[in-house]
Amino acid sequence: MTQNSQEHEPHGFGVSAETLAPTPLDVRVLSRQLGRPVRDVVEIPARCVCGNPLVAATAPRLANGTPFPTVFYLAHPVITQAASRLEAAGLMYEMTDSVASDPELAAAYEAAHRNYLAERERIRVASGTDPVPEIEGISAGGMPERVKCLHAVLGHTLSVGTGINPFGDQTLRSIRQWWTPEQCACDPSWRDDPAAGNQS
Ligand SMILES: [Zn+2]
């Protein structure tokens with residue numbers, strides 16, 4: 001929207017300053033990935049090697065007025081399913097225990113929490129959204145004391161790069177058997193244009 005005034009240097013997977021803005025194709029792919037019409041997307045902070053979105057950055061208040069703390073929303077179904085498998089195995093309990101027992105890790109996770117809030121504030125301003133007091137100081141995924149949602153911490157890592165969120169990074173390493181950033185696992189039909197009648 002305001003690319004000229006934008007000084008933000010993206011570090012998310014597969015993106016550059018030129019590919020942050022969502023295109024109509026991105027919105028279509030995201031809607032197919034999530035199985036519902038997607039709205040209020042401000043940026044595509046992480047992309048597959050094929051160019052498809054991995055994560056949607058959403059304004060912290062949706063058009064219908066609902067506060068929305070999860071600014072980095074993990075959309076790619078292969079990745080979300082992989083994270084769900086790890087959650088089913090209880091990985092987040094193990095992670096939460098390690099926050100409690102490892103002060104260095106706890107400090108890194110606290111810094112990740114602050115980064116998340118700063119990124120959300122940047123997205124809020126970029127989207128022209130008024131402040132959202134309902135979620136002030138509240139990030140996502142259980143940060144900074146607990147790990148409740150691997151999708152949230154992994155969405156964060158994919159959107160800001162590794163080295164910021166230790167549990168997003170760990171989740172990314174742990175899903176390697178199902179998804180890696182180097183390889184496209186997209187469904188080609190996500191890009192089909194219904195208006196062109198080329199759906200298989
Ligand atoms: Zn792909």
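Above: the structure in question.
So, a few notes on the structure that sits alongside this text.

Reading guide: rules and limits
- Residues numbered from 1 in each chain as written.
- Predicted model: local features only at pLDDT ≥ 70, side-chain atom pairs only at ≥ 80, totals over all residues.
- Helix = DSSP H or I, 4+ residues; strand = E, 2+ residues; numbered from the N terminus.
- Rg over C-alpha atoms; globule rule 2.2 N^0.38 Å.
- Buried ≥ 20, exposed ≤ 12 C-beta atoms within 10 Å, placed from the backbone.
- Contact = placed C-beta atoms within 7 Å.
- Pairing = 2+ DSSP bridges.
- Core = buried A, V, L, I, M, F, W, Y, C linked by C-beta atoms within 7 Å.
- Axes fitted to C-alpha atoms, helices over the stretch in contact; angles between N-to-C directions.
- Parallel < 35°, antiparallel > 145°, perpendicular 65-115°, else oblique.
- Left-handed = near helix turned anticlockwise from the far one by under 90°.
- Nonpolar A, V, L, I, M, F, W, Y, C, P; charged D, E, K, R; others polar.

**Focus: the overall build of the chain**
(1) Moving on: If you tally the helices and strands in the chain, you get six helices and three strands.
(2) Moving on: Written out in order from the N terminus, the α and β elements of the chain read α-β-β-β-α-α-α-α-α.
(3) Moving on: Relative to the 2.2 N^0.38 estimate, which gives 16 Å for 200 residues, the radius of gyration of the chain is 17 Å and therefore close to what a compact globule would have.
(4) Moving on: Overall, the C-alpha framework of the chain stretches about 55 × 40 × 30 Å when taken along its three principal axes.
(5) Moving on: When burial is assessed residue by residue, the chain has 38% of its 200 residues classed as buried.
(6) Moving on: Across the chain, the fraction of contacts at a sequence separation of at least 24, relative to all contacts at a separation of at least 6, is 59%.

**Some remarks on the pairing of strand β1 (residues 41-47)**
(1) Moving on: Of all seven residues making up β1, seven are buried, and the element is well covered by its neighbours.
(2) Moving on: Bridge count between β1 and strand β2 (residues 53-58): four bridges; the pairing is antiparallel. Note on β2: the bridge partner recorded for E43 is A57.
(3) Moving on: Counting the residues between successive antiparallel strands, the hairpin from β1 to β2 contains five residues, one of them, G51, with a positive phi of roughly 105°.

**Concerning the nonpolar core**
(1) Moving on: Counting residues in hydrophobic clusters, the biggest one holds 44 residues, and the most contacted among them are L54, V55, A56, A57, A75 and L154.
(2) Moving on: Among residues more than four places away in sequence, those in contact with A57 are V41, V42, E43, P45, V71, F72, I123 and S159.

**With respect to the sheet that holds strand β3 (residues 72-74)**
(1) Moving on: Pairing is antiparallel in the open sheet, where three strands are placed in the order β1-β2-β3. In this open sheet, the two strands that pair with only one neighbour each are β1 and β3. Across the sheet, the mean angle separating the axes of adjacent strands is 35° when strand polarity is ignored.
(2) Moving on: Two strands pair when backbone bridges link them, and β2 and β3 are joined in this way by three bridges, in the antiparallel orientation.

**With respect to the packing of helix α2 (residues 77-88) against helix α5 (residues 150-160)**
Each packed pair of helices is defined by two parameters, the angle between the axes and the distance between the axes.
(1) Moving on: Where α2 contacts α5, the two axes come as close as 9 Å, and the packing angle between them is 135°. For the element pair α2 / α5, the angle class is oblique. Between α2 and α5 the crossing geometry is right-handed. Packed against α2, whose contacting residues are T80, A83, L86 and E87, the element α5 presents L150, H151 and L154 at the interface.
(2) Moving on: The residue makeup of the contact of α2 with α5, split by class, is four nonpolar, two polar and one charged.

**Looking at unusual backbone geometry**
(1) Moving on: The amide bond that connects M143 to the next residue, P144, takes the cis arrangement and shows omega of 5°.
(2) Moving on: Within the secondary structure, P144 is located in the loop between α4 (103-126) and α5.
(3) Moving on: Its identity is not glycine, yet D40 carries a phi of approximately 60°, on the positive side.
(4) Moving on: Tracing the backbone shows D40 in the loop between α1 (24-34) and β1.
(5) Moving on: Residue D40 is classed as partly exposed on the basis of its C-beta count, with 17 C-beta atoms lying within 10 Å.

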